[in-house]
Amino acid sequence: MSVASNIIDDQRMRIIRNEFSRLGDKCYLDNAGTALYPQSLLKVINDDLLKNVYMNPHSDKYTRDCIDQIRCTILNHFNSDTSTYSVIFTSGTTQSLKLVLESFQFQNYNEEKGSFIYLRDNHTSVIGLRELVKNKDVDVVHISHSEFLSSLKISQISHEGCQEKDINKSNTLLVYPMQSNFNGFKYPINCLKNIQNGCLSGYLKKQLCEVNCNWYILLDAASFVATSKLDLSVTQPDFVCLSFYKIFGFPTGLGALLVKNGSANVLSQRNYFGGGTVDIALSSEDFHVKRSTLHERFEDGTLPFLSIIALKHCFDIISHLIPKTVNNNVMDTISYHTYYLAKDLYEQLKDLKHENGAKAAVLYMDTDFTDINIQGGIVTFNLLRQDGSYIGYAEFQHMADLFNISTRTGCFCNSGSCQRHLNISNKEMKAMHKAGHKCGDEIDLIDGKPTGAVRVSFGYHNTFDDVDKLILMISKCLFKNLNIHKPERTMINFNNNKKETINVNSKEQTSVILNIKKFFNLHGMPEVYNQNSKILLSEIAIFPIKSCGAFKIKTGWKIGKKGFKYDREWMIVKDNGVCLTQKQNTLMCKIQPFIDLENKCLTLCFSGLQPISIPLDPTNNNQYIETQVCQSKVCTDVVKGYDCGDEVADWISNALGVSYLRLIKQSSERVQKQKSNEGVKMLSLSNQAQYLLVNKATVRWLKSKITDMTFTDDIDSLVDRFRGNLIIDTSQELIEREWQKLVIGQHEFKVEGQCSRCQMVCIDQKTGEKTVEPLRTISQEFGGKLRFGIYLSYIGPVNGCKDHILATYSEVNPFSKMSQ
Ligand SMILES: *Cc1c(COP(=O)(O)O)cnc(C)c1O
């Protein structure tokens, strides 16, 4: 028998997992991105809103009272009450932070400058606060992680001693996170007294700033409170910022700023007043008086009152769902639960070794998981190959997508921590940016050096199963034979303070390893092929509907600057206006299109359905409606098109099992956003270049490298996965990578670069099934660069040729870099 967690027993864990059945087989490990809401939460909120009439709190006392009640619930959650703290509702942590900076009085009745200090390891939302003080007389100072920690240790006695704040002196505001969103490191919370007593004054002095006793502390608690208990009866920072979706997963757009009542006066610099924040305001004279209650002064406009009502149920449901196993407290239980899951993963990654004994993971942690007081349930790392080279995070992401595992990759809005752990200097950061790397993009390695990492963060719904899924994916996808060392997993019984040991069946462990070995047993010899000095264009394929099946052309096809005629001219669009791709719906490849030029129609086939035909040209047909479509999830590429009508829309929805799909034909006009940097353009060509050429010889070579026995594609099926327009077969593999230009028949093409690949090549184009290969081998063979096939753009006809037809079996004449 195995245990689901060290803290929550299996029976309770099943009840919790029931609340997340919508996950299906998705393994959700990005809880630091957002928590997930339990399903019954929506039901109780729904019932509440259906039963009660909530009105604008400015008009309705009942709603106002409910909201005030929830302020108390929030403070109660943090073990405080309205006599010590006030709750100001905001839209989230970021707004809370901005509100403090905007209102904070740095200078008093003297000429001294105030100071604003932040940690370099803070979240980007904190770093950006410095822009808000630029026009004020304020020194902006940043402090490194290690200098901050060592300053905190300096005993208060060595300072002149700060007993009380001096209202005649300027003020210093320090912002730091309670827990790093980068790797879950928890900053000491018991050091507030030391800070207030001036233990950081020495550092300020070194920076030539005014030093006095007026320290104010702004805690960024966003990451900490998601899985830990913040006890405001023990530590009392002046200001605390948080977002509720990080704790409960719902509602979004709601956060709070907690202000210690004794420190409220320093938030005096706010100019704006809005609906609800004033006792009197004259519209024709410069006269207004702000409300006296703190939160009323800061909550502009109408509060998101229904979200606040929902919040009450969030607190309720958590306390019913989660047992109070640790310290008779829900948050402590969540804290231990997530900590031990992360610790388990940490230990496995730390010990993860390749067959040759080389380390397989680099961890970016600030603790070694020996103390829950300084470490939360987050593990951040990169993976290494046998030869010590890095696997980039984008590659990891593609593999994780394939296994339906959600993690966060990149720098997680924390460039300071990223730079510190990945050892990237400011100069290098700027150079990377100049080379086209931007926050959140796919450029995961530059000169072999990682630009970001993988973050795994646990929530209360996770179990050891999730850790196992991740480890299995790492070994299946990225490595062949890994030595996995599973730590002992035991239930910890907190009630009588002794560890109750339940052994994990050791047979179960070894069977996992055996399966992986079986999976990757060596086999397979390269197929023989005819040596042929002449290169011929062996196949032309077009993909009339983006992401759907290929239409293979027997004789020849019309060619143009924008690609082959009818290639990717149609697309399937979801009800939100975004284009559907095979990544989301693998069945798309089974929609088989045929173009009949004579009858001017496109016919679609799908097994089990009657074929359906639509006219090729929408403009002579008045059933079409003009519309706009987003090509990508982020809508960077907006396309104009014509809707092909209800009948085909229903047919496609039926085939793919998704409601409200529409078929859109792209019109010739393309509203594309301009890319400013040429370098960047080269890196993100994937949807822009017109022709994709795939060399069968290279595919054959790739197949010989694939050692996975369960991968049974023949060469033609493997070629099909790359969805090329032009298929050739040369005597030598990989030579197409050297080419700069080619003439096929009477037409000249320029090579635009290699095609970067994603998990789409892992979809069997006949069955729609997902496999690990060939992406794993591509990544292995090309050092993590997922490139395969080359992009071409059409230059024009040569030798005075007038036709615009490219014929199959035309001769292909390449010009490589050398021969030019
Ligand atoms: C998430 C997070 C933020 C930003 O929170 P928003 O909800 O995006 O405003 C700031 N700091 C830390 C430590 C975080 O984890």
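In this text, all values refer to a predicted model and were calculated from it rather than measured experimentally.

Caption draft 1: Examining unusual backbone geometry more closely. Note that the residue after Phe250, namely Pro251, is joined by a cis bond; omega there is -10°. With respect to the helices and strands, the residue Pro251 is situated in the loop between helix 10 (245-248) and strand 8 (255-260). One non-glycine residue, Arg568, lies in positive phi territory at about 50°. Structurally, Arg568 can be placed in the loop between strand 26 (563-564) and strand 27 (570-573).

Caption draft 2: Representation of the site of the ligand. Surveying the vicinity of the ligand reveals the residues Thr93, Thr94, His123, Asn181, Asp220, Ala222, Ser223, Ser243, Tyr245 and Lys246. Within the side chain of Thr94, a nitrogen or oxygen atom sits 2.5 Å from an oxygen atom of the ligand. A distance of 2.7 Å is found between an oxygen atom of the ligand and a side-chain nitrogen or oxygen belonging to Lys246. Relative to its unbound accessible surface of 380 Å², the ligand loses 86% to contact with the protein. Listed by contribution, the elements that provide at least two residues to the shell around the ligand are helix 4 (93-103) and helix 10. Among the residues making up the shell around the ligand, the classes are represented as 2 nonpolar, 6 polar and 2 charged.

Caption draft 3: The nonpolar core, seen in detail. Judged by nonpolar contacts, the single largest core of 140 residues is most densely connected at Phe89, Tyr176, Phe244 and Leu258. Top element by residues in this core is helix 13 (residues 330-351). It accounts for 11 residues. By size, the runner-up hydrophobic cluster in this structure holds 47 residues, among which are Phe551, Trp651, Leu726 and Tyr794.

Caption draft 4: View of the side chain of Thr90. With respect to the helices and strands, the residue Thr90 is situated in strand 2 (residues 85-90). For Thr90, a relative accessible area of 5% corresponds to the buried category. Within the structure, the side chain of Thr90 is placed 2.8 Å from the side chain of Ser96, a separation counted as a polar contact. When near neighbours in sequence (up to four residues on either side) are disregarded, Thr90 contacts Gln95, Ser96, Leu99, Gly253, Leu254, Gly255, Ala256 and Leu257.

Caption draft 5: A look at the state of the cysteines. Summed over all chains, the structure comprises 1 disulfide. Between the sulfur atoms of Cys411 and its disulfide mate Cys418 the distance is 1.9 Å. The sign of the -70° torsion about the S-S bond sets the Cys411-Cys418 disulfide as left-handed. This pair shows no difference in class: Cys411 is buried, exactly as Cys418 is.

Caption draft 6: Spotlight on the side chain of Gln179. Within the element layout of this structure, Gln179 appears in the loop between strand 5 (172-177) and helix 7 (192-196). A distance of 3.1 Å separates a polar atom in the side chain of Gln179 from a polar atom in the side chain of Ser223. Here Gln179 is in contact with Gly184, Phe185, Lys186, Ser223, Phe224, Ser228, Gly376 and Ile378, once residues within four sequence places are set aside.

Caption draft 7: Local environment of the pattern of salt bridges. Evaluation of the coordinates by the stated rule reveals 36 salt bridges. Note that Asp30 is salt-bridged to Arg455, the shortest N-O span being 3.4 Å. Of this pair, Asp30 sits in the loop between strand 1 (27-28) and helix 2 (39-51) while Arg455 sits in strand 19 (residues 453-457), placing them 425 residues apart in sequence. Between Asp720 and Lys552 there is a salt bridge whose closest N-O contact spans 2.9 Å. Placement of the pair is Asp720 in helix 22 (residues 715-721) and Lys552 in strand 24 (residues 551-553), with a sequence separation of 168 residues. For Asp720, a relative accessible area of 23% puts it in the partly exposed group. Residue classification places Lys552 among the partly exposed positions, given a relative accessible area of 36%. By sharing partners, the salt bridges in this structure join Asp344, Asp468, Lys486 and Arg489 into a single network.

Caption draft 8: View of the environment of Asp30. By relative accessible area, Asp30 is classed as buried at 12%. For Asp30, the residues in contact, after removing those within four places along its chain, are Ser406, Thr407, Arg408, Arg455 and Ser457.

Caption draft 9: Geometry of the pairing of strand 37 (residues 747-756). Counting buried residues along strand 37, 7 of its 10 residues qualify, which places the element largely inside the surrounding structure. Looking at chain direction, strand 36 (residues 739-744) and strand 37 are connected through 4 bridges and run antiparallel. The residue bridging Ile744 from the neighbouring strand is His747, located in strand 37. Turn length for the strand 36-strand 37 hairpin, with the two strands adjacent in sequence and antiparallel, is 2 residues, and the turn residue Gly745 shows positive phi of about 60°. Here 8 bridges tie strand 37 to strand 38 (residues 787-797), and the two strands are oriented antiparallel to one another. If you follow Val751 over to strand 38, its bridge partner there is Leu792.

Caption draft 10: Geometry of the confidence of the model for the protein chain. On average, residues of the protein chain score 86 in pLDDT, and 89% of them reach the 70 mark or higher. Below a pLDDT of 50 lies the segment residues 497-532, which in the model reaches 55 contacts outside its immediate sequence neighbourhood of four places, other chains included. Segment residues 670-687: pLDDT under 50, and 26 contacts once partners within four positions in sequence are set aside and those in other chains are kept.

Caption draft 11: Here's a closer look at the packing of helix 13 against helix 17 (residues 464-478). Axis separation between helix 13 and helix 17 bottoms out at 9 Å; the angle between their running directions is 25°. Taken together, the axes of helix 13 and helix 17 are roughly parallel relative to one another. Classified by chirality, the crossing of helix 17 by helix 13 is right-handed. Each of Tyr340, Leu341, Asp344, Leu345, Gln348 and Leu349 in helix 13 lies in contact with helix 17, whose residues at this interface are Phe464, Val467, Asp468, Leu470, Ile471 and Ile474. For the contact of helix 13 with helix 17, the per-class residue count stands at 9 nonpolar, 1 polar and 2 charged.

Caption draft 12: Molecular detail of the UniProt feature "modified residue: N6-(pyridoxal phosphate)lysine" (unreviewed entry) in the protein chain. Cross-referencing UniProt, the feature "modified residue: N6-(pyridoxal phosphate)lysine" (unreviewed entry) maps to Lys246 in the present numbering. Relative to the helices and strands, Lys246 is located in helix 10. Once residues lying within four places of it in the same chain are set aside, the contact partners of Lys246 are Ala32, Gly33, Ala35, Ala222 and Ala226.

Caption draft 13: Main features of the packing of helix 3 (residues 61-77) against helix 12 (residues 305-321). Between helix 3 and helix 12, the shortest axis-to-axis distance is 9 Å and the interhelical angle comes to 45°. Overall, the two elements helix 3 and helix 12 adopt an arrangement that is oblique. For helix 3 against helix 12, the interelement crossing comes out left-handed. Note on element contacts: helix 12 touches helix 3 through Phe305, Ile308, Ile309, Leu311, Lys312 and Phe315, opposite Thr63, Cys66, Ile67, Ile70, Thr73, Ile74 and His77. Across the contact of helix 3 with helix 12, the residue classes break down as 9 nonpolar, 3 polar and 1 charged.

Caption draft 14: Inspection of the sheet that holds strand 8 at higher detail. Taken together, 7 strands build an open sheet; the order of strands is 2-8-7-6-5-3-4 and the sheet is mixed. Two strands close off the open sheet at either side, each with one partner strand: strand 2 and strand 4 (138-143). Averaged over all pairs of adjacent strands, the angle between strand axes in this sheet comes to 20°, irrespective of strand direction. With 6 bridges joining them, strand 3 (residues 114-119) and strand 4 adopt parallel strand pairing. In the strand pairing of strand 4, Gly114 is matched with Val138. On top of the sheet, helix 4 reaches strand 2, strand 3, strand 5, strand 6 (215-220), strand 7 (239-243) and strand 8; it is set at about 155° to strand 7, its chief contact. Taken strand by strand, helix 6 (residues 145-153) contacts strand 3, strand 4 and strand 5, and its axis lies near 95° from that of strand 4.

Reading the values: rules and limits
- Residues numbered from 1 in each chain as written.
- Predicted model: local features only at pLDDT ≥ 70, side-chain atom pairs only at ≥ 80, totals over all residues.
- Heavy atoms only, no water.
- Helix = DSSP H or I, 4+ residues; strand = E, 2+ residues; numbered from the N terminus.
- Near = heavy atom within 4 Å.
- Polar contact = N/O pair within 3.5 Å; in protein donor to acceptor, adjacent residues only side chain to side chain.
- Areas by Shrake-Rupley, 256 points an atom, 1.4 Å probe, with all protein chains shown as cover.
- Nonpolar A, V, L, I, M, F, W, Y, C, P; charged D, E, K, R; others polar.
- Core = buried A, V, L, I, M, F, W, Y, C linked by side-chain atoms within 4.5 Å.
- Buried < 20%, exposed > 50% of the residue type's maximum accessible area, 1.4 Å probe, protein only.
- Contact = heavy atoms within 4.5 Å.
- Disulfide = S-S within 2.5 Å.
- Salt bridge = Lys/Arg side-chain N within 4 Å of Asp/Glu carboxyl O.
- Pairing = 2+ DSSP bridges.
- pLDDT = per-residue confidence, 0-100.
- Axes fitted to C-alpha atoms, helices over the stretch in contact; angles between N-to-C directions.
- Parallel < 35°, antiparallel > 145°, perpendicular 65-115°, else oblique.
- Left-handed = near helix turned anticlockwise from the far one by under 90°.
- UniProt positions renumbered as here; feature names shortened; annotations may be inferred.

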